[in-house]
Amino acid sequence: ASAVLESELVPSLVDLVSVQWEAGNDAQVALCVCAFANLADVGCSRHLVDTGAFELCVNLLQAEDASVQLYAAAAVQNVLSDPDVSEEVAVADYVHRVGAVGSLQPLLTQESEIVRQVAQGALANIEASRGWEALGALVRIQAFARGF
């Protein structure tokens, strides 16, 4: 993982996904996003959040191609399975701001069973995260303080 963190691999993949997405090359996009999912699984979750790769994956959840949806959901799921990342309120706020939950929910009715399962796993990781729980508590406290 340290070699990845010290390299330009993730920013380069982010750039490549953008180029391939605009070119309509779903197969190349899916391969790159698959790499993000695997990188998250080997300790690079924070790096994916910090470089914008996580937000890119959230955006790709709305792709029409099932392979892109699958790997984007897997990347989101894997990033949020990392307790060092998922416990942070700042990450929970970021997950909320980039619209991860709203982008994952339509996948629950997707034709592909594997896409549905991975989306369910990603949503479960969001809901189970301590950061998400803490963010919800902060929002409730703020609402109470404002008299709502």
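If you're wondering where the values come from, they're calculated on a predicted model, not measured in any experiment.

The subject of this paragraph is helix H3 (residues 26-41). Helix length check: H3, at 16 residues, gives a terminal C-alpha distance of 22 Å against a target of 22 Å (1.5 Å per residue), a fit within 8%. Lining the buried residues of H3 we find helix H1 (2-6), helix H2 (9-22), helix H4 (45-50), helix H5 (53-60) and helix H6 (66-79). Gly43 sits one or two positions beyond H3 and adopts a positive phi of about 100°.

In this section: the side chain of Gln69. Structurally, the position occupied by Gln69 is in helix H6. Among the residues examined, Gln69 registers a relative accessible area of 7% and is labelled buried. When near neighbours in sequence (up to four residues on either side) are disregarded, Gln69 contacts Leu60, Leu61, Ala63, Glu64, Leu107, Gln110 and Val115.

For Asn78, the location among the structural elements is in helix H6. A distance of 2.9 Å separates a polar side-chain atom of Asn78 from the backbone oxygen of Ala37. When sequence neighbours within four positions are dropped, the list of residues in contact with Asn78 reads Ala37, Ala40, Asp41 and Ser45.

Time to look at the packing of aromatic side chains. Tallying each qualifying case throughout the model produces 1 aromatic pair. Seen in terms of ring centroids, Phe54 and Tyr94 are 5.9 Å apart; in terms of plane orientation they differ by 40°. Their pairing is tilted. With a gap of 40 residues between them, Phe54 in helix H5 and Tyr94 in helix H8 (residues 89-97) connect regions that are remote in the sequence. There is no split in this pair, since Phe54 and Tyr94 are both buried.

Spanning 14 residues, H2 covers 20 Å between terminal C-alpha atoms, matching the ideal 20 Å at 1.5 Å per step. Taken together, the buried positions of H2 are occupied by Val10, Leu13, Val14, Val17 and Gln20. Take H2 and look down its axis: the buried residues cluster within an arc of 135°, on one side only. Turned more than 90 degrees away from the buried face of H2, the exposed residues are Asp15, Val19 and Glu22. Against the buried residues of H2 lie H1, H3, H4 and H5.

Here we take up the nonpolar core. Grouped together as the largest cluster of nonpolar side chains are 47 residues, with contacts concentrated most on Phe36, Phe54, Val76 and Leu104. The residues touching Phe54, leaving out its near neighbours within four places in the chain, are Leu48, Val49, Val76, Val79, Leu80, Tyr94, Val95 and Val98.

Now for the environment of Ala40. Checked against the element boundaries, Ala40 lands in helix H3. Ala40 sits 14 residues away from Phe54 along the chain, and the two C-alpha atoms are 9.6 Å apart. Sequence-distant contacts of Ala40, defined by excluding residues within four places in its chain, comprise Ser45, Leu48, Ala75, Asn78 and Val79.

Reading the values: the criteria
- Residues numbered from 1 in each chain as written.
- Predicted model: local features only at pLDDT ≥ 70, side-chain atom pairs only at ≥ 80, totals over all residues.
- Heavy atoms only, no water.
- Helix = DSSP H or I, 4+ residues; strand = E, 2+ residues; numbered from the N terminus.
- Expected span 1.5 Å × (residues − 1).
- Contact = heavy atoms within 4.5 Å.
- Buried < 20%, exposed > 50% of the residue type's maximum accessible area, 1.4 Å probe, protein only.
- Polar contact = N/O pair within 3.5 Å; in protein donor to acceptor, adjacent residues only side chain to side chain.
- Phe/Tyr/Trp six-rings, centres within 6.5 Å; stacked < 30°, edge-to-face > 60°.
- Arc of directions from axis to C-beta.
- Core = buried A, V, L, I, M, F, W, Y, C linked by side-chain atoms within 4.5 Å.

Functional significance is not addressed by these values, which are geometric in nature.
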